[in-house]
Amino acid sequence: MRAALIIARHVVQESIRRRVFVVVFLLTVLFLALFVFATVKAFANPSPFGFGNGNLIEPGQFTSITTVTLLGLGAFASLFLATVLAVFLTLGAVRGDAERGLLQPLVVRPLGRGELLLGRFVGAVAVCVVYVAALYAVVVLVVHQAGGRWPDHILGPGLALCAAVCILVAMSLLGSVFLSATANGIAMFMLYGAGLVSGLLASIAAALGAHTLQTIAHDMTIALPFEGIYQSALHALGSNQTGISRVLVNLGPFGASQSASITFDLWAAAYTVILAVVALIAFERRDL
Amino acid sequence: MDASPSSTDPGALAVSGLGKRYGSVVALEGVELTVGPGELVGLVGANGAGKSTLTKIACGLVRPTSGTARIFGAHSDTRDARRMLGYLAELFRFPGWCTGSEVLALHQKLAGARADRGERDELLALVGLSEAADRRVEEMSKGMQQRLGIAQALVGRPRLLLLDEPTSALDPAGRRTIRSLLLELRARGIAVLLNSHLLGEVERVCDRVVILAGGKVVAAGRPEELTTRGGVEIQTGNGVRRFPQASREDMPRIVAQLVAEGVDIYEATVVRSTLEDAYLELVDPA
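What counts and what doesn't
- Residues numbered from 1 in each chain as written.
- Chains lettered and ligands numbered in written order.
- Predicted model: local features only at pLDDT ≥ 70, side-chain atom pairs only at ≥ 80, totals over all residues.
- Pairing = 2+ DSSP bridges.
- Helix = DSSP H or I, 4+ residues; strand = E, 2+ residues; numbered from the N terminus.
- Axes fitted to C-alpha atoms, helices over the stretch in contact; angles between N-to-C directions.
- Contact = placed C-beta atoms within 7 Å.
- Nonpolar A, V, L, I, M, F, W, Y, C, P; charged D, E, K, R; others polar.
- Core = buried A, V, L, I, M, F, W, Y, C linked by C-beta atoms within 7 Å.
- Buried ≥ 20, exposed ≤ 12 C-beta atoms within 10 Å, placed from the backbone.
- Domains from an automatic or database assignment.
- Expected span 1.5 Å × (residues − 1).
- Parallel < 35°, antiparallel > 145°, perpendicular 65-115°, else oblique.
- Left-handed = near helix turned anticlockwise from the far one by under 90°.

Quick notes on the sheet that holds strand S4 (residues 40–45) of chain B
Residue and element names in this part refer to chain B. An order of S7-S8-S9-S4-S10-S11 is seen for the 6 strands of this open sheet, with the pairing classed as mixed. Looking along the sheet, the strands with just one partner apiece sit at the ends: strand S7 (85–88) and strand S11 (216–221). Ignoring which end each strand starts from, the neighbouring axes of this sheet average 15° apart. Sitting on the sheet, helix H10 (residues 275–283) touches S4, strand S10 (208–213) and S11, and the angle it makes with S10 is about 25°.

Encoded structure:
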C-alpha cells in the first residue's frame, strides 16, 4: 500500500507539472469565461431559450428553466473536461508506458503490479475528483451569482460527477492494459460519446414513450454506467421542477427524466471493481 | 550447454532449464546460466538470440514458459528477488518533467530506502552527472539519460545488476566511464550480468562470457577460454613469416633461429583470436 501511495503522489505531481495539462487548464479558463458570459446574458434575457411570449410559461418558470439548463450545461462541461484530464492521465498507464520504456524501471522495484495499478488509479482519481468538484462548485456559484438560484440539490450532483469520473478512470486504466496509448484515447472518447448518445436516447424515449428505445438506452447505460450516474446528477439539479418547466427541461439537451436507483449505484460500484480486477489480472499476466 | 562457474554455487543469478515461447516463436530453450556473487558475466548474441528476454525474465518483467530464474535463491518474480537487483532496460525512459535527482528519489522510495540526498549525490557523481542533478530529464542528452539509467539501477545498493546494452547511447568517453564503473562494482562484490553487442568491451571487462544463439547457450567460459591461439607472426625484412602451431614459449627459439639464418627481425607477435572471431565462428560460421 505504501508503494501505491508513492505512485499516486507521483501521478499527482505529473498532473501538475506536465506541459500537456496546461492545455486542460487553458480549456477550463476558456470554458469558464464563456460560461460566465453566457450565464449573465441568459439571465438578462427574459426568454433566453425562445419559449414564446410568456402566455404559456410564467416569468419565474423561465428563471427556473434557465437555472437548471445552465447548471446542466455546467455539469456536462465539468464532466467532459474531467474526462479529458482522466484520459490524459491514464491512457498510456500500462501498455503505452511499457512501449515507451517508462514502466519497466518501476515494475522491477519491490512493489506488486497491483500496487502500481492502484497507485495510478488513486492518483488519477484524486486529481480528477478535485478538478470536477472544483469546476462544478464554480459553475454553481456563477449561476447563483447571476440568477440568484441554487440547484434543487447541490451536493448529490457533485458527488455523482465525481463517481462518474472514477468509473471513467477505471475504464481508461483497463483499456491501457490492452491498447496502445493512442488507441486507448480514441476508444475512451468513443465510449464517452456512446454514453452521451444513450443519455439522449433515454430522453427521447421518455418524451415519446418509445419502449424499444428505452430498452436500448437502458442497456447502454448498464454497459456504460458513468452515463447513468451523470444522468442522475442532471436529474438532481432540477428534481423539484414540475409541470411545463419539468417537461421543457427534460426536452432540452441537459434534461434527465429519472434518477439512478440504489441498485444502479451498486452496479456502478461493482462495475468499477470488476474493471479493476480484470485490469489487475491482465496486467499480472502481461509480459513487459 | 551449462554456463555455470560450478555446479554447487547457488549464484547471485541462477537460471535453470529456462524456456520462453511467444506463440510459435522460441525465444529461449533450456538455458542454464549462473552468475556468481561479485562476478561480471557478459551475455552476447545476435539480435533475437534471446539476451533481452533472458534479462527480462531474470528481473520479473517476463514470465518464463518453463524453467526458473532465481536471484540469491529467491524466485525472480518475487519482491525479495527485486529487493536485491538493479536493472537497466535496453529501451527505457524517465518522465521528462522530472529532474535527475527526482527520478532517483522516486526509485529510492520504491526500493524501500530512505530518500537520502547523500546516496543520490553519490550515484550522480559516480556516473558523472553531478552538474545535472536538477536538470529535467527532457533537457538531458541521450547519453546523459543513459547515465541516469545506470545511476537508477544502482539505487538501493543492489547485489545483482542486470544491464541490457548499458553503453549503447554513450560516446567513447562515456563507455570508458561505464567500464571503470563496472570494474569498481565488481570490486565491491556486486554481481553483474552485462548484455552487450560490443564484444571488445565484454572481452575487456567480463570474467566470463556466455554466447546465446537461437535461444540456446552455445558457448560459455572465460574470454581466454573462448578465444584460440593462432600461432606466432614475425615481421622480417622479407615480409611476415607465420608459425601457426607455435606458442608464446616457442618464440625465443624461432627468433634465434631466424637471426642465425641472417634474417632481419622487426616485430614478433603471439597471435590470438578475439572474442569476436570466436563469436562469429559460433553464431555465423559463413
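From this point, things continue past the structure.
Thoughts on the interface of chain B and chain A
How big an interface is tends to be reported as the loss of accessible area on association of its parts. Facing 22 residues of chain B, the contacting portion of chain A comprises 19 residues. Of all the secondary structure elements, the ones that give two or more residues to the side of chain B that touches chain A are helix H2 (79–83) and helix H3 (100–110) of chain B. Element by element, the count of residues in the side of chain B that touches chain A is highest for H3 of chain B, at 4 residues. When grouped by side-chain class, the residues that make up the side of chain B that touches chain A number 12 nonpolar, 4 polar and 6 charged.

Regarding unusual backbone geometry
All names here are of chain B. Despite not being glycine, Phe 72 shows a phi value in the positive range, around 45°. The residue Phe 72 is located in the loop between strand S5 (66–71) and strand S6 (74–75) in this model. Phi is positive for Arg 157, which is not a glycine, with a value near 50°. Relative to the helices and strands, Arg 157 is located in the loop between helix H5 (142–153) and strand S8 (160–164).

A closer look at the nonpolar core
Generally speaking, a soluble globular protein has its nonpolar side chains buried in company with each other. Counting residues in each nonpolar core, the largest one holds 161 residues, and the members touching the most others are Cys 128, Val 132, Ala 164, Val 165, Ile 167 and Val 169 of chain A together with Leu 13 of chain B. The element contributing the most residues to this core is helix H6 (residues 113–147) of chain A, with 17 residues. Counting only domains with at least three residues in this core, you end up with domain 1 (2–224) and domain 2 (229–283) of chain B. Apart from the residues lying within four places of it in its own chain, the contact partners of Cys 128 of chain A are Ala 82, Leu 85, Ala 86, Val 165 and Val 169 of chain A.

Observations concerning H5 of chain B
Look at H5 of chain B: 17 Å from first C-alpha to last across 12 residues, which is about the 16 Å you get at 1.5 Å a residue. Turning to H5 of chain B, its buried residues are Met 144, Gln 145, Gln 146, Arg 147, Leu 148, Gly 149, Ile 150, Ala 151, Gln 152 and Ala 153 of chain B. Of the surrounding secondary structure, the elements contacted by the buried residues of H5 of chain B are helix H5 (104–107) of chain A together with S7, H3, helix H4 (117–126), S8 and helix H6 (172–187) of chain B.

Comments concerning the packing of helix H1 (residues 2–17) of chain A against H6 of chain A
Two packed helices can be described by the angle between their axes and the distance between those axes. Residues and elements named next belong to chain A. The N-to-C vectors of H1 and H6 enclose an angle of 40°; their axes lie 7 Å apart at closest approach. Put simply, H1 runs oblique to H6. Crossing geometry of H1 relative to H6 is assigned as right-handed. Judged by residue contacts, Ala 3, Ala 4, Leu 5, Ile 6, Ile 7, Ala 8, His 10, Val 11, Val 12 and Ser 15 of H1 engage Glu 115, Leu 116, Leu 118, Gly 119, Arg 120, Val 122, Gly 123, Ala 124, Ala 126 and Val 127 from H6. A breakdown of the residues in the contact of H1 with H6 according to their chemical character gives 14 nonpolar, 4 polar and 2 charged.

Comments concerning helix H9 (residues 251–260) of chain B
For H9 of chain B, the buried fraction is low: 0 of the 10 residues fall into the buried class. One or two steps after H9 of chain B, the chain reaches Gly 262 of chain B, where phi turns positive at roughly 85°.

Bear in mind that shape data such as this cannot, by itself, settle questions of function.
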